[in-house]
Amino acid sequence: MNHWRRLVMQNGIIMALLMVSLPAFWLVVMIIAPQLMMIDYSFWHEDNLQLASWEKAISEKDEQMVDLEARLAEQQPGGTSAGDPALEDQYQQLAAEVSQLESQADQPPEVYSLKNYSYLAGNRLHRSIFLKTIWSSLLVTVIALVICYPVSFYLAQIAPRRQAAVLFIGLIIPYWINEILRTFAWLMLLSYNGFINMFLDSVGLITEPIEFLDGNAGVLIGMTYAYVLFMVFPTYNLLRTLDRNQIEAARDLGAGWLRIHLRIAIPHAKPGLAVGAITTFMLAAGSYAVPAILGGPNSLWFTQIIYSWFFDGGNWNQGAAYAFMLLAICLLFVTVMARITGVDFKDLTKRF
Amino acid sequence: MPARNVELVHISKTYGSLTAVDDLNMSIGEKGFYSFLGPSGCGKTTLLRIIAGFVEPTAGKVLIGGKDMAGIPPNQRPTAMIFQNLALFPLMRVWENVAFAFEVRGVTKQRRRILADDLLNRVSLEGVGDKFPHELSGGQRQRVAIARALAVEPDVLLLDEPLSALDLKLRQRMISELRSIQKQTEVTFIYITHDQGEALAMSDQVAVMNAGQIQQIGSPQEIYNQPQTAFVATFVGENNYFRGTIKNVSDNQVVLATPAGDLKGYFGSSEMSQGDEAWLFVRPERCTLGTMENPENSFEAPIVQLDFDGPSQICSLQVEGASIQVIYPQGMHSYHVGDRVQVSFRTKDALIIPPGKTAHD
């Protein structure tokens, strides 16, 4: 209540309402509700056996009704007065039963089970694609770390201010173009008849073009490129706050550059690197466009399978289970990363 | 015993069109406490960083123990630096901070801990080894920084205004502690400060710097009592000064014609002749108020302000063309603002120096 009053005092009632309601809307409507729905979806499936038995019962009853109609028609060729009331009743009852069954079959029963998950565990192809997706995302994260740290350090600590600004613009501008176009640019570079092969061929380094896009190489390159900046930003931000005196003090005490990085700069940048690693891993594991464009038939990404469950297979429940598994692994990754690097996320919120 | 003297030979450092250090020469002896005193931007920090090896001089050379330091990186010089903000490593425990130099040299962890605790004892910081720097008080952090620097067993310890962040009481205590650490370790201390109180209290020798040049080198007493330039006279301590023309020179005693009348004094380091423009400096605590029998120098002036300063009273008077301050013990006089009083001082307390840049310019 006090917080609310302070918020109103500092920002006015309209801003305060916006500040509270927008995040609340975002949290509840965009995150919590769909996730809960998806989790619910993932735990049930339509009972197809029950459905089949109902459909069988409907067709049997339909036949009986046709039969009854025929008998009623025999009794009353003129069809002017009422026939045998017993038959008439029987007919009415059948009709009611059929309509009830039909309405039941329209909404097949939801059976709660772990079937959707056990299906993933039991499907060898899907399982291996799932594991490969996790493994490749880890690989992308590691490659991004290796690229990101020196770049961030250079920008934050070494580059003169003007140069750093120019380099930063150079890094950001490509990201103004959307991910799909950027990925297509990589397709042009990496494809069988692409620029890189053309170049390597023209300088005589290769005689046969290299199949970058056949395996995972294209996907890894494309993804690292697509997401590395999300790691550079938080790392750069933290390295900017590293007091240059600390580096000089370490140097003065005899430390070489490797020790300065290992003992001073990297520990300082660790929360940034961790945030960047988490972001990159999440984005990579959840990427759809990059593997769809740069991946060959041998490098299916788990997201593509989820997509096909939802939109090709029409089985939302199975798709939801798959998506939830991916989310669970990503959350596990965040927790493990935080544990390994000793980053306290509460502490992190204080730093920014 | 390693030689611990530092020779600065024609050192210059320019940044573009800006000259930070301007053809500076100085010889710093062994086992002493040396201070560079000057206003911010006078080039003293640049000079310290040149000695440490973080900055290459544009011209000139640094000799430490007779050895030319050109091209020798900071970690291979027999110096250690204490930074203005101390630059303790915040993510390491105190003992790890102190033991960093041992870690670099590959000393085992067990031994490092022993050596670190030993150093911490030397700066009277027992039992804080396992804390983090942010858990310590300002004074304790200060001592950790000293212990960390002493770990490399430097011949010369360079201190870049490390006391500036401390409050007055703590600063006074640290001044005497630094002094005793210097005596005890026999390391040459080179101390940079803009605070004349620190410089005068701690140093064996003080070099007053302005605009990249050394104005005067001397003991604190010399600096205070016999300033050689107008800058030193006005930067170190408070000083009253009268502008005038030399009327008469005899036996070193000089008569200066000033707007406040003829005043007598002695030449400082540079002698001038009749007709030259000169300034007469006299310290506020050397002036007396009130009517005196046969004063050597005196004039009358109205009091414009009285300031309470604890043990003493600061009295400001308006003299033609100058503002004069007189300091006297609390309760000695009971003047009021507006009173016209006689100000007098002894000829031996008045110093006559050529005009120049003052610290207030």
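On a predicted model such as this, the values are computed, not experimentally measured, just so you know. (Residues numbered from 1 in each chain as written. Chains lettered and ligands numbered in written order. Predicted model: local features only at pLDDT ≥ 70, side-chain atom pairs only at ≥ 80, totals over all residues. Heavy atoms only, no water.)

## Some remarks on the layout of surface pockets
Residues and elements named next belong to chain A. Each pocket or cavity is described by its volume, and for the largest pocket that value is around 530 Å³. Taken together, 20 residues form the lining of the largest pocket, with Gln35, Met38, Ala323, Leu326 and Leu327 sitting closest to its centre. The set of elements that each furnish at least two residues to the lining of the largest pocket consists of α1 (2-42), α11 (257-285), α13 (302-312) and α14 (316-341). Examining the composition of the lining of the largest pocket, we find that seven residues originate from one element, α14, more than from any other. In terms of residue class, the lining of the largest pocket is built from 17 nonpolar, three polar and no charged. Residues lining the lining of the largest pocket come from more than one domain, with at least three contributed by each of domain 1 (2-45) and domain 3 (118-351). (1 Å grid on protein atoms, 1.4 Å probe; cavity = no way out; pocket = protein on both sides within 12 Å on 5 of 7 lines; lining within 4 Å. Points joined across faces, edges and corners; volume = space filled by probe spheres on them. Helix = DSSP H or I, 4+ residues; strand = E, 2+ residues; numbered from the N terminus. Nonpolar A, V, L, I, M, F, W, Y, C, P; charged D, E, K, R; others polar. Domains from an automatic or database assignment.)

## Focus on the domain arrangement of chain A
Residue and element names in this part refer to chain A. When the domains of chain A are assigned, the result is domain 1 (2-45), domain 2 (48-108) and domain 3 (118-351). For domain 1 versus domain 3, the separation of C-alpha centres amounts to 30 Å. Taken residue by residue, the interface counts seven residues in domain 1 and seven residues in domain 3. With both sides pooled, the region where domain 1 packs onto domain 3 buries about 630 Å², and carbon together with sulfur makes up 76% of that total. Contact with domain 3 buries surface across domain 1, with Met38, Tyr41 and Ser42 losing the most and accounting together for 64% of the total. Our enumeration of links across domain 1 and domain 3 arrives at zero salt bridges. (Contact = heavy atoms within 4.5 Å. Buried area = accessible area lost by both parts, 1.4 Å probe. Salt bridge = Lys/Arg side-chain N within 4 Å of Asp/Glu carboxyl O.)

## Looking at the nonpolar core
Residue and element names in this part refer to chain B. Counting 122 residues, the largest nonpolar core has Val6, Leu8, Phe36, Leu178 and Ile190 as the members making the most contacts within it. Once you skip the residues sitting within four places of it in the chain, Phe36 turns out to touch Leu8, Met26, Ile28, Lys44, Leu47, Ile190, Tyr191, Ile192, Thr193, Ala207, Met209 and Ile214. Core analysis: the second largest hydrophobic core is formed by 28 residues, Leu256, Leu263, Ala301 and Ala322 among them. (Core = buried A, V, L, I, M, F, W, Y, C linked by side-chain atoms within 4.5 Å. Buried < 20%, exposed > 50% of the residue type's maximum accessible area, 1.4 Å probe, protein only.)

## Description of the pattern of salt bridges
If you walk through the whole model with that rule in mind, you get 16 salt bridges over all chains. Note that Asp130(B) and Arg113(B) form a salt bridge whose closest N and O atoms lie 2.9 Å from each other. Placement of the pair is Asp130(B) in the loop between α4 (109-122) and α5 (138-150) and Arg113(B) in helix α4, with a sequence separation of 17 residues. Residue class for Asp130(B) comes out partly exposed when judged on its relative accessible area of 46%. A salt bridge links Arg171(B) to Glu198(B), with the shortest nitrogen-to-oxygen separation between them at 3.7 Å. Residue Arg171(B) is found in helix α6 (residues 168-185), and its partner Glu198(B) is found in helix α7 (residues 196-202); the two are separated by 27 residues along the sequence. What makes Arg171(B) buried here is its relative accessible area of 18%. Several salt bridges share partner residues, and in doing so they unite Arg259(A), Arg263(A), Glu96(B) and Glu103(B) into one network.

## Section: the interface of chain A and chain B
When the parts of a complex come together, some accessible area is lost, and that lost area is often used as the size of the interface. Across the boundary between the two partners, chain A contributes 16 residues, which contact 23 residues of chain B. Counting the surface chain A buries against chain B, the share from its top three residues, Asp252(A), Leu253(A) and Arg263(A), is 38%. One can count four salt bridges joining chain A with chain B. Across the pair Glu96(B) and Arg263(A) runs a salt bridge, and its minimum N-O distance is 3.9 Å. The tally of links from chain A across to chain B stands at seven residue pairs in polar contact (both at pLDDT 80 or more). Mapped onto the side of chain A that touches chain B, the elements with two or more residues apiece are α10 (244-252) and α11 of chain A. Per-element tally for the side of chain A that touches chain B: the top contributor is α10(A), with seven residues. Here the side of chain A that touches chain B is built from residues that sort into six nonpolar, four polar and six charged. (Polar contact = N/O pair within 3.5 Å; in protein donor to acceptor, adjacent residues only side chain to side chain.)

## Notes on the domain arrangement of chain B
Residues and elements named next belong to chain B. Domain assignment breaks chain B into domain 1 (6-230) and domain 2 (231-353). Centre-to-centre, using C-alpha coordinates, domain 1 lies 38 Å away from domain 2. With 19 residues of domain 1 at the interface, the matching set in domain 2 holds 14 residues. Buried surface at the junction of domain 1 and domain 2, both sides included, amounts to about 1,400 Å², of which 65% is carbon and sulfur. Summed over the three residues of domain 1 that lose the most area to domain 2, namely Tyr224, Pro227 and Ala230, the buried surface amounts to 45% of that side.

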